[in-house]
Amino acid sequence: MATGTFPDNFLFGAATAAHQIEGSNTNSDWWAFEHTASSGCRDSSGDACDSWHRWDEDLALVQSLGLNSYRFSVEWARVEPAPGEFSPVALDHYRRIVQRCHDRGLVPVVTLHHFTLPTWMAERGGFESPEIAARLGAYTERVAGAIGDGIGLACTINEPNIVALMGYLLGVFPPAVRDRKRFEVVSDAMRSSHRAMVEALRAGPGRYPVGLTLSMAEMEAIEGGEAQYAQALEHLEDAYLRAVGGDDFIGVQCYTRLRFGPDGPVDIPEGARRTLMGYEFRPEVVEHTVRRAAAVCGLPVVVTETGISADDDAERIEFIDTALRGVAACIADGIDVRGFYYWTLLDNFEWVLGYSQPFGIVACDRATFERMPKPSATHLGRIARSRELGSPVGAEPRQ
């Protein structure tokens with residue numbers, strides 16, 4: 001396969017997460033956190049993009065753009081609002097999303113845990129609770145029983161390394177802890193929970209690839225930063241890449257480059273471009289992390305998230321093109337890369353940063369919830385239809 005082209009079965013999609021788009025997720029730890037004065041959250045999620053009600057409109061958008069897959073998450077706080085009490089209404093809701101994906105020719109990629117916990121689980125200690133793996137396994141078993149026969153790919157935990165880092169070491173996500181030992185305990189719990197969830201998903205019904213999504217970066221050490229670099233690589237990436245043996249794929253999620261000096265992370269190089277988020281504009285990170293993930297764990301790779309926050313959509317298009325050029329180069333070199341999901345479909349709730357970061361290829365009016373596709377949406381759809389970089393607008397899929 002020549003560089004710049006993609007296989008016929010390659011998945012092109014957009015990724016979302018329940019709490020960030022559904023709205024009114026009032027039974028979650030994040031809802032409580034957002035409404036705590038000391039949290040530092042810029043906004044509360046509120047009605048988000050109202051996708052709890054407008055989900056089929058979102059699927060219609062994905063289909064109309066020419067993408068062939070949609071990644072979304074099931075919200076544990078809705079499915080199990082109290083310990084052992086499962087909601088048939090919520091399970092049916094997600095089943096209808098899966099079925100409608102198939103009706104629209106979209107491969108549904110389902111994430112079981114994306115950053116949030118039910119309030120009751122958080123009150124029991126969250127990922128520090130000795131029962132967390134069993135609880136996540138039981139929840140996953142119920143979800144799999146309801147929708148497993150329609151799942152295209154399943155992701156267990158979204159970025160478990162980020163949940164541990166931000167919540168238990170940096171203290172900016174709930175439960176807002178800064179404690180190295182507790183960070184390590186939670187990191188171990190993440191890996192144990194993943195294994196319990198894999199087992200539940202593979203018990204059926206349905207047969208589909210199962211994997212973990214991991215936040216990765218292009219890491220490098222400057223003079224004197226070798227020890228800090230090695231520590232970050234081990235705790236944030238390698239410990240997880242060793243834990244996914246036997247999985248069907250590894251989901252790579254990547255956004256930028258991280259540099260380490262003697263005292264830890266250092267700022268981006270002088271003169272380097274910054275995104276609206278403030279970190280380095282680095283679409284080359286996609287190729288770097290895909291190659292590294294494949295080399296370390298030996299699994300097929302799916303780019304389950306990448307993208308940028310940008311007011312200038314031309315920057316987003318540039319990021320997409322460079323990122324996909326890197327993916328195509330990996331495929332041409334024989335690396336088994338099976339999909340690319342842009343983060344995100346809609347401008348949405350970006351956690352502590354609220355609604356200040358437009359990552360979406362589709363704008364969402366905060367008052368009316370009108371969806372307004374950006375040029376980048378058409379651009380990504382054109383590539384998905386043609387399976388080639390640089391093809392003319394409106395090109396049809398290769399036969």
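Residues numbered from 1 in each chain as written. Predicted model: local features only at pLDDT ≥ 70, side-chain atom pairs only at ≥ 80, totals over all residues. Heavy atoms only, no water.

A. Main features of helix α7 (residues 132-147). The terminal C-alpha atoms of α7 lie 22 Å apart, and with 16 residues this matches the ideal 22 Å at 1.5 Å per residue to within 8%. Those residues of α7 that sit buried are I132, A133, L136, G137, Y139, T140, V143, A144, A146 and I147. (Helix = DSSP H or I, 4+ residues; strand = E, 2+ residues; numbered from the N terminus. Expected span 1.5 Å × (residues − 1). Buried < 20%, exposed > 50% of the residue type's maximum accessible area, 1.4 Å probe, protein only.)

B. Structural detail: the pattern of salt bridges. In total, this model carries 31 salt bridges according to the counting rule given. Note that D56 and R104 form a salt bridge whose closest N and O atoms lie 3.3 Å from each other. Here R104 lies in the loop between α5 (88-103) and β3 (107-113) and D56 lies in helix α3 (residues 51-65), a separation of 48 residues in the sequence. Linking R202 and D248 is a salt bridge whose minimum nitrogen-to-oxygen distance equals 3.2 Å. Note that R202 is positioned in helix α9 (residues 180-202) and D248 in the loop between α10 (226-241) and β6 (249-261), a separation of 46 residues in sequence. With a relative accessible area of 37%, R202 lands in the partly exposed category. Given a relative accessible area of 29%, D248 falls into the partly exposed group. (Salt bridge = Lys/Arg side-chain N within 4 Å of Asp/Glu carboxyl O.)

C. Here's a closer look at the pairing of strand β8 (residues 301-306). Counted residue by residue, β8 has 6 buried out of 6 residues, so it is predominantly covered. Pairing of β6 with β8, which is carried by 4 bridges, proceeds in the parallel orientation. Directly across from Q253, in β8, lies its bridge partner E305. One ladder, built from 4 bridges, connects β8 with strand β9 (residues 337-343); its direction is parallel. When the bridges of β9 are listed, V301 appears paired with V337. Each parallel crossover has a hand, and for β8 linked through helix α12 (residues 313-332) to β9 it is right-handed. (Pairing = 2+ DSSP bridges. Right-handed = clockwise from strand over helix to strand, strands pointing away.)

D. Quick look at the packing of α3 against α5. Direction vectors running N to C along α3 and α5 enclose 10 degrees, while the axes themselves pass 10 Å from each other. Comparing the axis directions of α3 and α5 gives the class roughly parallel. Within the contact between the two elements, α3 uses W52, W55, D56 and L59 and α5 uses A90, H93, Y94, R96, I97, R100 and C101. Split by residue class, the contact of α3 with α5 holds 7 nonpolar, 1 polar and 3 charged. (Axes fitted to C-alpha atoms, helices over the stretch in contact; angles between N-to-C directions. Parallel < 35°, antiparallel > 145°, perpendicular 65-115°, else oblique. Contact = heavy atoms within 4.5 Å. Nonpolar A, V, L, I, M, F, W, Y, C, P; charged D, E, K, R; others polar.)

E. Here's a closer look at unusual backbone geometry. With an omega of 10 degrees, the peptide bond between P174 and P175 qualifies as cis. Position of P175 relative to the elements: it lies in the loop between α8 (160-168) and α9. Residues G204 and P205 are joined by a peptide bond in cis, for which omega reads 0 degrees. Here P205 shows up in the loop between α9 and β5 (210-221). At A48, a position not held by glycine, the phi torsion is positive, near 50 degrees. The residue A48 is located in the loop between α2 (29-34) and α3 in this model. Not every positive phi belongs to a glycine, and R387 is a case in point at roughly 60 degrees.

F. Looking closely at the state of the cysteines. One pass over the full model with this rule turns up 0 disulfides. Not engaged in a disulfide, the cysteine C41 finds its nearest cysteine sulfur in C49; these two sulfurs lie 16 Å apart. Classification of C41 by relative accessible area gives buried; the value is 17%. Lacking any disulfide linkage, C49 is separated from the closest cysteine sulfur, that of C364, by 4.0 Å. (Disulfide = S-S within 2.5 Å.)

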